[in-house]
Each structure stands twice: as C-alpha cells, then as structure tokens.
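Here's the letter readout for the chains.
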Amino acid sequence: FGRGLDEMTFEVTVYVSRADDLSSQERLDAFLSGSGAGSFKAALESCRQTGTQNRYAGNVCDDLRVESAKSYQWFVHGEDTYLGGQLTVRVYGSG
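Residues numbered from 1 in each chain as written. Predicted model: local features only at pLDDT ≥ 70, side-chain atom pairs only at ≥ 80, totals over all residues. Heavy atoms only, no water.

**Q** Please set out the pattern of salt bridges residue by residue, giving values where relevant.
**A** Pairing is possible between side chains that carry opposite charge, provided their charged atoms lie close to one another. Counting across every chain of the model gives five salt bridges. A salt bridge links Lys 70 to Glu 11, with the nearest nitrogen and oxygen atoms 3.6 Å apart. Remark: Glu 11 occurs in strand β1 (residues 5-16) and Lys 70 occurs in strand β2 (residues 63-77); sequence separation between them is 59 residues. Assessed through its relative accessible area of 35%, Lys 70 is described here as partly exposed. With a relative accessible area of 42%, Glu 11 lands in the partly exposed category. Across the pair Glu 67 and Arg 65 runs a salt bridge, and its minimum N-O distance is 3.6 Å. Salt bridges linked by common partners bring Glu 7, Arg 65, Glu 67 and Arg 90 together as one network. (Salt bridge = Lys/Arg side-chain N within 4 Å of Asp/Glu carboxyl O. Helix = DSSP H or I, 4+ residues; strand = E, 2+ residues; numbered from the N terminus. Buried < 20%, exposed > 50% of the residue type's maximum accessible area, 1.4 Å probe, protein only.)

What follows is the structure in structure tokens.
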C-alpha cells in the first residue's frame, strides 16, 4: 500500500511444566537461549531472508528479530501454574 515498512513487536510467553523444578528450569533455559537445538530464537531467526528468497512461511513478513528473553517467573494459566519466560520478537513487513 506504499506505506514503506511496518514494524510490530510481540511478547511471546513460553511455559514449561513444573513437574520437576530442576528439569523445568533446564528446559526453559534451552528454549530461551540464544542458540542451540532447543532455542526458539535460533529456530525463528533461521528463516531469515536470503538474497531475494524470503524463507518465511507464506511470505507473511520480510524479517524478524528476537530482541530479548526476560521475565523468568511463575505464570498462572487457568488453574495451573507454570514456569515461564518471555521473548520479545520484532517483525518487519512491507506496508
């Protein structure tokens, strides 16, 4: 629509089961890590645009960046409590 670049920021909350506090913490650490097999950041950013090839599913955005991982805390969802953290994800797209 000729608006240039649109930019949106999302706070994504990641929950893990608290069946065992130590293993829950280890899983959450892996999910919120900047790299590694379990890293959400690595998985999301691996789809970055390469040259003229937009690798994001369905071309729904031009680029994204996971800016931070924060807020390790207990979250109540319904009647259950989970260990969790938040990722800040900035998404860029054509206007």
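There is more to say after this.
**Q** Go over a nonpolar patch on the surface, please, and point to the residues and values.
**A** The grouping of Met 8, Phe 10 and Val 12 at the surface amounts to a nonpolar patch, some 260 Å² of accessible area in total. The class of Met 8 is partly exposed, set by a relative accessible area of 48%. (Patch = residues over 30% accessible without salt bridge, like charges linked within 9 Å, V, L, I, M, F, W, Y side chains within 5 Å. Areas by Shrake-Rupley, 256 points an atom, 1.4 Å probe, with all protein chains shown as cover.)

**Q** Residues and numbers for the nonpolar core, please.
**A** If you look at the biggest cluster of nonpolar residues, it comprises eleven residues: Val 14, Val 16, Leu 28, Leu 32, Cys 61, Leu 64, Val 66, Leu 83, Leu 87, Val 89 and Val 91. Those elements that place two or more of their residues in this core are β1, α1 (21-32), β2 and β3 (80-94). By residue number, the principal contributor to this core is β3, which donates four residues. If near-sequence neighbours (up to four positions away) are discounted, Val 14 is found in contact with Leu 28, Phe 31, Leu 32, Phe 40, Leu 83, Gly 84, Gly 85 and Leu 87. (Core = buried A, V, L, I, M, F, W, Y, C linked by side-chain atoms within 4.5 Å. Contact = heavy atoms within 4.5 Å.)

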